[in-house]
Structures are given as structure tokens and as C-alpha cells.
Amino acid sequence: MSTRCPLCTELSIQHLFELTKQEVDFHDFPSSAYYKHHKSFNDLEQSAINGCDLCQLIIHAFKQNPVEEDQYFGLSSQDETMSMYEKAKSLEQSDVKIALTSTYPYRDNSSSITIMDTLAVQVGGFMNVDYGNDDVIQLHYEIPVMPLRLVVPPDQPITLKNVRIGISELDSDLGSQENFEIARSWLQECQQCHRCCQDNKVPTLPTRVVDVGTPDNDFETLRVVHSHGSQAPFVALSHCWGGRIEPVLTTKTLDTFTTSLSFDSLPANFRDAITITRKLGIQYLWIDSLCIMQDSRQDWEVESKKMAQIYGSSTFTISAFVSERSTTGILNPAPTAGPPPMSVPLTMLSEQGEARKLKLEWRHPNDREDLRRLDMACVLNSRGWTFQEFLLSRRHLIYGRHQIYWRCRAGQESAEAGILPEGDKRAHSVFDDITAVLDASNASDLSAKSLKRKDLFREYYSLVGEYSNRTLTFGSDKLPALSGITQRLHASLGARYLAGLWSSDVRNGLLWKEETQIARHVQPYRAPSWSWAVTDDTIQWDGYTTDYGQGPYDLELVEANVEPKNPSNPFGEIMDARLVLRGRTKKLYRSEQVFPKSYFPGPNHEPSIGDGSWDEPVDGCPRRKGLDVTTALLYIHDVDDVGDDAILSVWRQYDWVEATIEETEIQPACFDQKNEYLALLVRISSKENPFKKDGTVAYEQDDARLMCLALRRVVGREDEVYERVGMLWVRADQWDVGWIEKWELQTTTLV
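Residues numbered from 1 in each chain as written. Predicted model: local features only at pLDDT ≥ 70, side-chain atom pairs only at ≥ 80, totals over all residues. Heavy atoms only, no water.

- The name that an unreviewed UniProt entry assigns to the protein chain is Podospora anserina S mat+ genomic DNA chromosome 4, supercontig 1, with the source organism given as Podospora anserina.

Things to note about the packing of helix 15 (residues 432-439) against helix 16 (residues 453-467)
- Put simply, helix 15 and helix 16 touch, their axes get as near as 8 Å, and they point 100 degrees apart. Considering their axes alone, helix 15 and helix 16 lie roughly perpendicular with respect to each other. Counting all contacts with helix 15, which are made through Asp432, Asp433, Ile434 and Val437, the residues of helix 16 involved are Asp455, Leu456, Glu459, Tyr460 and Leu463. (Axes fitted to C-alpha atoms, helices over the stretch in contact; angles between N-to-C directions. Helix = DSSP H or I, 4+ residues; strand = E, 2+ residues; numbered from the N terminus. Parallel < 35°, antiparallel > 145°, perpendicular 65-115°, else oblique. Contact = heavy atoms within 4.5 Å.)

So, the sheet that holds strand 22 (residues 411-414)
- Overall, mixed pairing links the nine strands, which are arranged 14-13-16-15-17-20-21-22-23 in an open sheet. This sheet does not close on itself; its edge strands, each paired only once, are strand 14 (223-226) and strand 23 (418-419).
- Here strand 20 (residues 395-399) runs beside strand 21 (residues 404-408); their pairing, made up of five bridges, is antiparallel. By the bridge assignment, histidine 396 is partnered in strand 21 with arginine 407. (Pairing = 2+ DSSP bridges.)

Some thoughts on the sheet that holds strand 5 (residues 115-116)
- In spatial order, the strands read 5-11-10; together these three strands make up an open sheet with mixed pairing. Of all the strands in the sheet, just strand 5 and strand 10 (159-160) have a single pairing partner and so form its edges.
- With two bridges connecting them, strand 5 and strand 11 (residues 163-165) associate as parallel partners. Bridged to isoleucine 115 within strand 11 is arginine 164.
- Strands strand 5, strand 10 and strand 11 of the sheet are contacted by helix 2 (residues 13-22), whose axis makes an angle of about 140 degrees with strand 11.

Notes on the pattern of salt bridges
- What the rule picks out here adds up to 33 salt bridges.
- Put simply, arginine 363 and glutamate 361 hold a salt bridge, and the shortest N to O gap is 2.9 Å.
- On the basis of relative accessibility, which here comes to 11%, the residue glutamate 361 falls in the buried class.
- In this structure, aspartate 455 and arginine 458 form a salt bridge, with 3.2 Å as the shortest nitrogen-oxygen distance. Taken together, the residues span about one helical turn, with aspartate 455 and arginine 458 both in helix 16 at a distance of three residues.
- Look at aspartate 455 and you get partly exposed, because its relative accessible area is 23%.
- A relative accessible area of 29% places arginine 458 in the partly exposed class. (Salt bridge = Lys/Arg side-chain N within 4 Å of Asp/Glu carboxyl O. Buried < 20%, exposed > 50% of the residue type's maximum accessible area, 1.4 Å probe, protein only.)

Digging into unusual backbone geometry
- In this structure, the amide linkage connecting glutamate 246 to the following residue, proline 247, adopts the cis form with an omega of -5 degrees.
- Relative to the helices and strands, proline 247 is located in the loop between strand 15 (234-238) and helix 7 (254-259).
- Here the amide bond leading from glutamine 523 into proline 524 is cis, since omega sits at 0 degrees, within 30 degrees of zero.
- Structurally, proline 524 can be placed in the loop between strand 26 (512-514) and strand 27 (539-541).
- In this structure, histidine 228 takes a positive phi of about 55 degrees despite not being glycine.

Considerations on the nonpolar core
- Tyr399 and Trp532 are the most contacted members of the largest nonpolar core, which has 116 residues in total.
- A per-element tally of this core places helix 16 first, with seven residues.
- Residue-level mapping places this core at the junction of two domains, with at least three residues from each of domain 2 (181-332 + 369-427) and domain 3 (509-750).
- Beyond its immediate stretch of four places on either side in the chain, tyrosine 399 contacts Leu174, Phe180, Ile276, Ile318, Ser319, Ala320, Phe321, Val322, Ile330, Leu331 and Ile404. (Core = buried A, V, L, I, M, F, W, Y, C linked by side-chain atoms within 4.5 Å. Domains from an automatic or database assignment.)

A look at the state of the cysteines
- Taken as a whole and judged by the stated rule, the model has zero disulfides.
- Of all cysteine sulfurs in the structure, the one in cysteine 8 sits closest to cysteine 5, which takes part in no disulfide; the separation is 3.5 Å.
- With no disulfide of its own, cysteine 193 lies 8.9 Å from the sulfur of cysteine 190, the closest cysteine sulfur.
- On the accessibility criterion, cysteine 193 (51% relative accessible area) is exposed. (Disulfide = S-S within 2.5 Å.)

Considerations on empty space enclosed by the protein
- Applying the stated criterion across every chain yields a total of two cavities of 30 Å³ or more.
- One number sums up the size of the largest cavity: a volume of about 80 Å³.
- Broken down by class, the residue content of the lining of the largest cavity amounts to one nonpolar, four polar and four charged.
- Shared between two domains, the lining of the largest cavity takes at least three residues from each, and those domains are domain 2 (181-332 + 369-427) and domain 3 (509-750). (1 Å grid on protein atoms, 1.4 Å probe; cavity = no way out; pocket = protein on both sides within 12 Å on 5 of 7 lines; lining within 4 Å. Points joined across faces, edges and corners; volume = space filled by probe spheres on them. Nonpolar A, V, L, I, M, F, W, Y, C, P; charged D, E, K, R; others polar.)

Looking at the side chain of threonine 386
- For threonine 386, the location among the structural elements is in helix 13 (residues 385-392).
- Of the residues examined, threonine 386 reaches a relative accessible area of 4% and is grouped as buried.
- A polar contact of 2.9 Å, which involves the side chain of threonine 386, links it to the backbone oxygen of arginine 383.
- Those residues within four positions of threonine 386 in sequence are excluded, and the remaining contacts are Ser238, His239, Leu380 and Arg470. (Polar contact = N/O pair within 3.5 Å; in protein donor to acceptor, adjacent residues only side chain to side chain.)

Focus: the environment of phenylalanine 316
- Inspection of the secondary structure puts phenylalanine 316 in strand 17 (residues 316-320).
- A sequence separation of 91 residues divides phenylalanine 316 from arginine 407, and the C-alpha atoms of the two residues are 9.7 Å apart.
- Ignoring anything within four residues of it in the chain, the contact list for phenylalanine 316 reads Leu187, Phe234, Val235, Ala236, Leu280, Ile282, Arg395, Leu397 and Trp406.

Here it is as C-alpha cells:
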């Protein structure tokens with residue numbers, strides 16, 4: 001039997017809780033509100049050697065936790081890693097401090113706390129960083145904090161002043177009766193208490209669903225049924241295929257599946273989804289590969305249009321967050337990724353004065369799981385189709401590796417922590433206005449919500465940026481995989497859908513750009529060059545600010561033609577698309593010449609007039625040679641063999657190199673002579689209207705940039721059409737009305 005040292009014996013959860021009222025910091029260890037433990041790390045280790053089990057737990061945690069040496073100031077930049085134990089042993093100051101905190105994000109005030117579940121162990125003091133100007137800045141502790149979780153029995157919660165102490169002990173079997181009871185309680189509470197999640201209508205079943213039977217029968221009635229428009233609750237599955245799936249519904253298996261479906265022949269994900277659905281008392285389940293004929297293009301086109309209805313009206317969606325393929329399974333207990341957990345018992349007094357038992361536990365970092373980590377790193381959130389499945393569904397029963405979670409319009413819960421704080425980011429809180437549209441039964445429902453179109457557009461562009469970071473097995477699904485959302489947005493925006501853009505906000509919609517220096521236009525054709533759907537690279541919007549309306553020099557949409565592959569589905573795949581635009585253009589030259597950074601000495605990199613972003617590199621691009629460069633725009637005139645009054649795109653080096661005279665002379669030989677380019681002014685980006693009543697510019701609007709598309713004339717065509725190849729920005733201090741007036745006003749066709 002272990003004997004605790006005096007310092008561990010005196011450690012009181014109640015006292016640590018009271019200290020949080022004095023100071024709470026969820027980002028850093030508190031500056032003063034902590035319990036002073038051993039005076040040095042060596043004393044802590046000696047206490048562990050002497051038999052103190054709590055000190056042994058702390059030492060064990062430090063030995064097992066690695067610390068990346070280049071993540072913190074003061075750590076040497078070696079390739080290997082050292083343990084936190086080794087780092088702590090190397091500190092000159094190594095006093096041990098303990099504080100009560102939470103692993104869940106909150107606003108930075110104690111009044112927002114709903115759960116305190118972690119003892120944070122901090123060793124040492126702040127590290128001083130001297131910047132050479134007599135100022136010594138304390139950035140952070142020399143070593144990261146070590147978190148130890150407080151764990152209580154699931155049926156014996158502990159609270160202090162309405163704050164939960166500790167997380168519930170988890171049942172590692174996700175298919176256990178205990179976990180199904182938790183899931184049933186979440187669903188029941190949501191259906192009965194969450195007004196924002198309720199839809200009093202009994203949903204119309206999808207065209208086909210899997211009849212999973214009831215918990216009382218032994219899968220005797222398992223089969224695919226035609227709903228014929230009947231109404232009943234049903235569950236939808238959101239999962240990763242991860243490759244070929246067998247068996248699937250086809251024209252050949254349809255008759256067999258509607259007679260009987262062999263449970264044992266199904267992939268593990270499907271078997272588990274059927275079990276979950278039955279355990280929660282629902283008879284019908286929708287799984288894409290069992291309910292859409294996989295060898296019928298016609299059936300796919302018909303059913304893929306119904307994603308908004310299917311996921312939007314399901315009782316809940318089973319989200320298999322960590323199942324990489326259909327054969328992985330959802331209910332499988334996850335093996336530990338590191339050493340097994342270690343814990344010691346603790347006792348604390350409840351508010352009623354009763355002695356309550358709990359334990360202090362260490363887990364390897366790779367075995368720690370919460371909804372934030374899953375959101376950022378789970379395989380399901382890397383796939384394109386699952387993005388709209390997530391947004392469209394009102395309720396999600398989420399399966400991680402170690403526990404289950406609930407997410408609905410009212411909030412989110414976890415098996416270990418119960419209701420999670422509002423600080424936890426969830427997608428439908430990021431896209432609140434779009435979520436309101438998705439949940440509305442018709443467009444008239446939205447008038448009461450006072451939704452503004454500009455806010456919907458802003459959320460839409462943010463949504464597309466997030467969606468573009470996901471992958472698709474078939475590139476042709478780029479637009480269809482978002483069609484459930486765009487279909488529902490259509491009525492509320494009152495605009496025509498144009499291959500990912502909207503006719504009433506086409507100026508902002510055109511201003512997408514690559515996020516990581518490249519946006520390759522994919523082949524075969526799936527979208528026009530002006531649509532974000534033309535690339536598989538991550539994109540973002542630049543220059544989208546509060547729209548003050550159309551300015552005197554903004555681009556005008558004259559005509560738009562989009563030819564969908566399926567005429568009945570304008571939100572799906574397209575065959576062809578073009579825009580006819582009227583706006584001001586300027587001759588543009590694209591050069592691969594690299595200018596040293598010293599050529600741009602001004603505060604805004606003068607003599608450049610702005611910056612650019614090319615979608616794709618061309619032959620001779622310095623980036624292909626490994627140079628660290630960025631695009632710069634120059635205004636040129638009176639250049640031999642070039643002409644007068646044009647914009648030139650060149651490359652600017654990041655590294656400072658003194659330039660020779662020869663290096664700063666424009667070299668027409670570096671120009672792309674094979675292609676003809678134009679700069680097309682799309683709009684003037686500004687937080688406020690940059691124009692005065694007399695039409696002149698309010699020059700104090702220093703954010704009023706000219707936002708332009710870089711266009712290239714399509715060769716080999718009789719008609720004069722252009723394709724988008726990039727974006728250009730002209731800084732506010734580099735243009736005036738007189739210069740814009742000299743740009744040619746012309747009608748241009750983009751394909």
C-alpha cells in the first residue's frame with residue numbers, strides 16, 4: 001500500500017476549485033492561483049521513489065510524454081525528441097505547481113465554466129527572451145503543462161457550485177448497453193426539449209430504405225424496401241467508402257435485396273449502423289450504396305438531387321468519424337496508441353459534506369480524444385460528400401475511437417463530459433444563417449429570421465473555402481457534392497445558380513484565389529475557368545467586404561449561360577458555361593523575370609502597384625526552380641517592343657539581395673509571347689463606398705483596392721473568348737479615377 005507524501009496528502013480539489021475564482025486562464029497556467037507542490041522536480045522524483053503513488057503518477061506521465069524540441073523557445077533544434085521528464089530534469093528552476101482547469105474552451109472568465117476536469121502540473125518558471133533592446137519579455141513557461149484528468153463513476157457525478165468536477169468514466173465498448181442508453185437519452189431530450197431541432201412533421205421516407213426490423217427479431221426482415229412516399233422516422237449514415245464496397249445495390253441485385261438482405265454479407269460499417277438504428281428503436285436506415293443503384297446513372301442523378309431532403313429530414317445521422325473504410329466498423333473498441341493509462345484514487349468532499357471517490361488519470365497524448373480533435377483530424381471530415389451531409393442533418397450521433405458524441409442545433413454533448421460548452425466550435429454555429437435556410441421548410445419561413453443576403457453570401461464563400469479543402473474520389477462530383485446545400489439556398493438568395501456562383505453577387509463570387517500558391521484547372525472539363533469548382537486545390541475569397549452596391553467602375557453581368565448535364569438538376573454536373581461581362585480592361589503582360597527584393601524598397605514595395613496570384617505556373621516559372629518568390633505588379637509605359645500603358649506581372653524575391661542595374665531593367669524576352677492577357681476590373685473592394693457624391697474618390701479609404709481578374713485569350717477559337725488564369729490587386733494608393741477612365745470599356749466572354 002502506497003504512502004502519500006505530505007504535499008499530496010494536503011492536495012485538495014475543493015481548495016483548487018476556490019483558487020479558480022481568483023484566477024482562471026484556459027490558455028496558460030495561472031500566474032498565482034495554484035497549489036505549491038514540491039520545491040523541485042528532483043524532490044518530486046525522490047518522493048515517488050519513497051512510495052508516493054500520486055508523485056509516481058506525475059513522474060510516469062513526464063517520462064511517457066515526448067516534447068518536440070523545436071516547438072518551444074529554449075529547446076534545441078535537434079531532430080530527435082526528448083521526454084518532458086528529461087526536459088524537467090534539465091531546468092535550473094524546477095518547482096512543481098498544480099492548478100485545476102478544463103480541457104474545454106471557454107470565454108476567459110470563470111462565470112462561463114461548466115466543467116473542471118483537469119489537474120494541470122507545471123514545472124519550472126517563465127523563460128526570459130532577450131531581444132537585444134534591453135527589454136526582457138516573458139513569453140511562457142520553459143516546459144509545457146502536463147494534464148491529468150479527473151475521472152468519476154458515470155452514475156456518481158460530482159458538482160461544486162453548479163460546476164461539474166471530473167469527466168465520467170467511459171465504457172470502452174462503444175456497442176455496450178451503457179453507451180446505447182446514453183445515445184437514447186440524447187435523442188429523447190433533443191426531440192422533447194430542443195425547439196430549434198424539432199420538426200413536427202413525420203418525414204417522408206427516401207425512395208428506398210433498409211428495413212432493419214426491430215430489436216425483438218433476429219434480422220429476419222432485413223431488406224431494402226421501396227417507400228412509395230410513405231412516412232416514418234429513419235436514420236441516415238454518413239461514412240467513408242474507402243474503396244470498393246460489396247455488396248451494393250444494382251439493377252441485378254435489386255430483386256434479391258428487396259426480398260432479403262444478408263446481415264453477415266454486409267461491410268462492418270453497415271452492420272454496425274443497422275445495430276445502432278435498431279437499438280435506438282427506429283425501423284428504417286438510409287445507406288447510399290444500398291439505396292441508390294450503383295450501376296444506373298439515371299438513378300444516381302435522380303437520387304443525388306434529394307440529399308437535402310434525405311439528410312435534412314432524417315431523425316438523426318450516424319456519423320462514422322474515424323472509420324476509414326466500409327470494412328473498419330463503427331463500434332469496434334479502439335486499441336491504445338501508446339502505453340496503457342495509469343491512475344491513482346482520490347477522495348473529495350461534496351457540497352453536502354459526503355466523501356466522494358474519483359481518480360486521477362494519465363493517458364498518452366495519442367489516446368486523448370475530444371470533439372475538437374476529431375473535427376480537425378477525423379477521416380470523415382476530409383471527404384467532400386460528407387460536408388453537406390453534416391450541415392444538412394439536424395442531429396448527429398458521432399462515433400469516435402473512444403467515445404460517442406451528440407451534436408444538434410441546440411449544442412453538443414459527449415459521453416465523458418455531458419453538455420459541452422458553447423466555446424467548442426461546431427460547423428453549424430459558424431454558418432448560422434445558412435443553417436437557418438437549410439432548416440426552413442420554405443423560403444417564407446426565413447422572413448421572420450431577418451436574414452440578410454450579404455450575410456448569406458459571406459457565409460457561402462466561407463463554406464465553399466472549407467469545402468474546397470476536402471477530397472472527392474470522383475472529381476466530377478465537385479458541384480453535385482454541394483448541391484444539397486445550393487439547392488436549398490437558391491430560393492432564399494433569389495439568384496440564379498451559375499456553376500458555384502450566384503448571379504446577384506457575381507462580382508464577389510469571381511474573386512476567389514488559391515490558398516497555397518496554386519489552383520490548377522483540372523481536366524477533363526467539369527467547370528468553367530471562372531468558377532472555383534475548376535480546381536481541386538484549396539481556395540479562399542479575397543476582398544469580400546460589406547457590399548455597398550455597384551460602383552461606377554464595377555463589372556456588370558450581361559449574360560450567363562450554364563448547360564447542366566442533367567437539365568432537371570441545375571445544381572449538379574455541367575457540360576458548358578460562359579459569362580458575358582462588361583467592364584474595364586487593361587493590357588496585361590505576364591513575365592517570368594525575377595526582381596530582387598531590393599528593387600522594391602518602398603513601404604508598400606514600391607515601385608510595384610499591387611500584387612497578383614496566378615492559378616497555374618507556366619514554363620520557366622521560378623517557383624519550379626525552388627525560388628521563394630511572390631507576384632508583383634508594375635505599371636509600364638514606353639518599353640521597347642511592348643507598347644504603352646500596360647500592367648506587367650513579375651516575380652519578387654522574398655530574400656534581400658542587392659540588385660544590379662541590369663537586374664532591374666525590364667526584359668521583354670521574359671514575357672509570355674504565346675498568349676494574350678487582359679486585366680479585367682471586377683470591383684473596388686472597400687469596407688465603405690469609396691466614392692463621393694460627385695463621383696470622385698474619397699482617398700482616405702486606404703483599403704479601396706482594385707480587384708481584377710487576370711484573363712488569357714483562348715487560342716484556336718474563331719470567337720474571341722477568354723479564360724480566367726488568376727487574380728490581381730492594385731493598391732489604393734496606386735490608382736485614381738483618371739487612370740481608370742483610361743481603361744478600355746469592353747464586353748468580354750469568359751469560358
